[in-house]
Amino acid sequence: MKPSVETLAISDSIRVLKERKNAIILAHYYQTPEIQEVADVVGDSLQMAQHAAQSTADIIVVAGVYFMAETAKILNPTRKVLLPDLSAGCSLADSCPPEQFKEFIKAYPGSPVVTYINCSAEIKAMSDVVCTSSNAVKVINSIQTDKPIIFAPDVNLGRYLIQQTGRDMILWDGSCIVHENFSIDKILDLHAAYPDAKFIAHPESQPHILRIASYIGSTKGMIDFVKRDHHHQYIVATEAGILYQMQKEVPHKLLIPAPSFEDNACSCSECPYMKLNSLEKLEACLADETPEVHVAQPIRNKAVLALDAMLMQTV
Ligand code: 13P
Ligand code: SF4
């Protein structure tokens, strides 16, 4: 669909503001197409963290959710980090409150703590190493211990990691509302209608969904897979925003969003937190240089060690 005159005008204004203020926009694949178009980087959580860590811009605008902006601030504390809507949270991050997690890890003295990047700065500060869905298997395999590994907050990713690595892991019981919303019955019906389509899924999805997947990986992993794979049709189980970049990469292939339980017209999954961002909010946030995201120094000092431990493995 061609962008409207209004969309083009706001996009131009955002580009002018970026230039004038030496700002960059880091956008997640789940953002709307018009936000992806004005972004300097469109990527998964790992790519966003890597770019945030290396950025020399005065202002980093995170077109994503709160934990992503916190991560950028922890990795690059002298930059001003902005998030267009401070209420853009994450059900997965919210499912792991710091006080409860503190008690949880106390019960397993000596166990290393690995946390998925989709968590608060406080949880990162209690971790030995952070991981994303791109590098989780590598991070778990790198840990030398005879104790069980504590993993939080995503129980579905945790179960997938146990299956992939064979490691003894204790899982926090958190989940993502988007990836827990795929309907196996509807996916099977859709597959019957498109028998040549391969089914691919994000590891935040539930085990019965992952069991039928031909490929399991992060958002970037899924995009790379459809690029290198020789098939022509795919049913894609992750947030529907990914289809925009994916389709750009493989314009000749058919990409179908996996259906969720809701019986709406498109029956594809959208993250209500990611979709709180808009071009209008991006423009206002760049113009006013607010809302800014801060991380308290004592928390930052610990959380950065866990993030650096991940980034050192990934470069
Ligand atoms: P990745 O982009 O790391 O695959 O994570 C998906 C996600 O749920 C981000 O919120
Ligand atoms: Fe959080 Fe799920 Fe939304 Fe990602 S898709 S931001 S994990 S609620």
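**Considerations on the pairing of strand β9 (residues 198-201)**
For step 1, the next point in the chain: As paired elements, β9 and strand β11 (residues 233-237) share four bridges and run parallel to each other. When the sheet's bridge partners are listed, Lys-198 is paired in β11 with Tyr-234.
For step 2, the next point in the chain: Note: β9 against strand β10 (residues 215-216), two bridges, orientation parallel. Bridging from a neighbouring strand, Ile-200 pairs with Tyr-215 of β10.

**Observations regarding the nonpolar core**
For step 1, the next point in the chain: Core analysis: the largest hydrophobic core is formed by 67 residues, its most contacted members being Val-62, Val-114, Phe-151, Phe-199 and Met-310.
For step 2, the next point in the chain: In this view, Met-310 contacts Leu-46, Ile-117, Val-129, Val-130, Cys-131, Thr-132 and Asn-135; residues no more than four positions away in its chain are not counted.
For step 3, the next point in the chain: If you look at the next biggest cluster of nonpolar residues, it comprises 32 residues, including Ile-10, Ile-25, Val-236 and Val-250.

**Re the site of ligand 2**
For step 1, the next point in the chain: As a structural note, the neighbourhood of ligand 2 is formed by Tyr-30, Val-65, Cys-90, Ser-91, Asn-118, Cys-176, Val-178, Glu-204, Cys-271, Tyr-273 and Met-274.
For step 2, the next point in the chain: Spatially, ligand 2 is embedded in the largest cavity.
For step 3, the next point in the chain: The residue makeup of the shell around ligand 2, split by class, is eight nonpolar, two polar and one charged.

**Comments concerning the sheet that holds strand β1 (residues 23-28)**
For step 1, the next point in the chain: Pairing is parallel across the open sheet formed by four strands, whose spatial order is β2-β1-β3-β4. If you trace the sheet from one side to the other, it starts and ends with β2 (41-43) and β4 (80-82), each paired once. Averaged over all adjacent pairs, the angle separating strand axes in this sheet is 20 degrees, with direction ignored.
For step 2, the next point in the chain: Both β1 and β2 contribute to a ladder of three bridges, which runs parallel. By the bridge assignment, Ala-27 is partnered in β2 with Val-42.
For step 3, the next point in the chain: Running over the sheet, helix α4 (residues 66-75) touches β1, β3 (59-63) and β4 and is turned about 175 degrees from β4.

**Section: the layout of surface pockets**
For step 1, the next point in the chain: Estimates place the volume of the largest pocket at around 380 Å³.
For step 2, the next point in the chain: As for the largest pocket, its lining consists of Met-1, Lys-2, Pro-3, Ser-4, Thr-7, Leu-8, Ser-11, Arg-15, Pro-33, Glu-34, Glu-37 and Tyr-244.
For step 3, the next point in the chain: For the lining of the largest pocket, the elements supplying multiple residues, two or more each, are α1 (5-21) and α2 (33-38).
For step 4, the next point in the chain: When residues in the lining of the largest pocket are grouped by element, the largest group, four residues, is from α1.
For step 5, the next point in the chain: Counted by class, the lining of the largest pocket contains five nonpolar, three polar and four charged residues.

**Looking at the pattern of salt bridges**
A side chain of one charge can pair with a side chain of the opposite charge when the charged atoms of the two come close.
For step 1, the next point in the chain: By the definition in use, this model includes eleven salt bridges.
For step 2, the next point in the chain: Put simply, Lys-21 and Glu-289 hold a salt bridge, and the shortest N to O gap is 3.0 Å. With Lys-21 in helix α1 and Glu-289 in the loop between α14 (279-288) and α15 (297-314), this pair connects stretches of sequence that are 268 residues apart.
For step 3, the next point in the chain: For Lys-21, a relative accessible area of 17% corresponds to the buried category.

**Focus: the site of ligand 1**
For step 1, the next point in the chain: The environment of ligand 1 is made up of 14 residues, and the closest members are His-28, Ser-45, Ser-133, His-202 and Thr-219.
For step 2, the next point in the chain: A distance of 3.4 Å separates an oxygen atom of ligand 1 from a polar side-chain atom of Asn-118.
For step 3, the next point in the chain: A distance of 2.8 Å is found between an oxygen atom of ligand 1 and a side-chain nitrogen or oxygen belonging to Thr-219.
For step 4, the next point in the chain: For ligand 1, the accessible surface in isolation is 300 Å², of which the surrounding protein chains cover 96%.
For step 5, the next point in the chain: Counting atoms within 2 Å of the grid points, the majority share of ligand 1 lands in the largest cavity.

**Some points on the sheet that holds strand β8 (residues 169-171)**
For step 1, the next point in the chain: Taken in spatial order, the four strands of this open sheet run β6-β5-β7-β8, and their pairing is parallel. A single partner strand is all that each edge strand has here, and the edge strands are β6 (129-131) and β8. Across the sheet, the mean angle separating the axes of adjacent strands is 25 degrees when strand polarity is ignored.
For step 2, the next point in the chain: Where strand β7 (residues 149-152) and β8 come together, three bridges link them in parallel fashion. Note on β8: the bridge partner recorded for Phe-151 is Leu-171.
For step 3, the next point in the chain: Relative to β7, helix α6 (residues 98-106) is tilted by about 165 degrees, and along the sheet it contacts β5 (113-116), β7 and β8.
For step 4, the next point in the chain: Contacting β5, β7 and β8, helix α9 (residues 155-165) runs over the sheet at an angle of about 165 degrees to β8.

Calculation criteria
Residues numbered from 1 in each chain as written. Chains lettered and ligands numbered in written order. Predicted model: local features only at pLDDT ≥ 70, side-chain atom pairs only at ≥ 80, totals over all residues. Heavy atoms only, no water. Pairing = 2+ DSSP bridges. Helix = DSSP H or I, 4+ residues; strand = E, 2+ residues; numbered from the N terminus. Core = buried A, V, L, I, M, F, W, Y, C linked by side-chain atoms within 4.5 Å. Buried < 20%, exposed > 50% of the residue type's maximum accessible area, 1.4 Å probe, protein only. Contact = heavy atoms within 4.5 Å. Near = heavy atom within 4 Å. 1 Å grid on protein atoms, 1.4 Å probe; cavity = no way out; pocket = protein on both sides within 12 Å on 5 of 7 lines; lining within 4 Å. Sits in = over half its atoms within 2 Å of the grid points. Nonpolar A, V, L, I, M, F, W, Y, C, P; charged D, E, K, R; others polar. Axes fitted to C-alpha atoms, helices over the stretch in contact; angles between N-to-C directions. Points joined across faces, edges and corners; volume = space filled by probe spheres on them. Salt bridge = Lys/Arg side-chain N within 4 Å of Asp/Glu carboxyl O. Polar contact = N/O pair within 3.5 Å; in protein donor to acceptor, adjacent residues only side chain to side chain. Areas by Shrake-Rupley, 256 points an atom, 1.4 Å probe, with all protein chains shown as cover.

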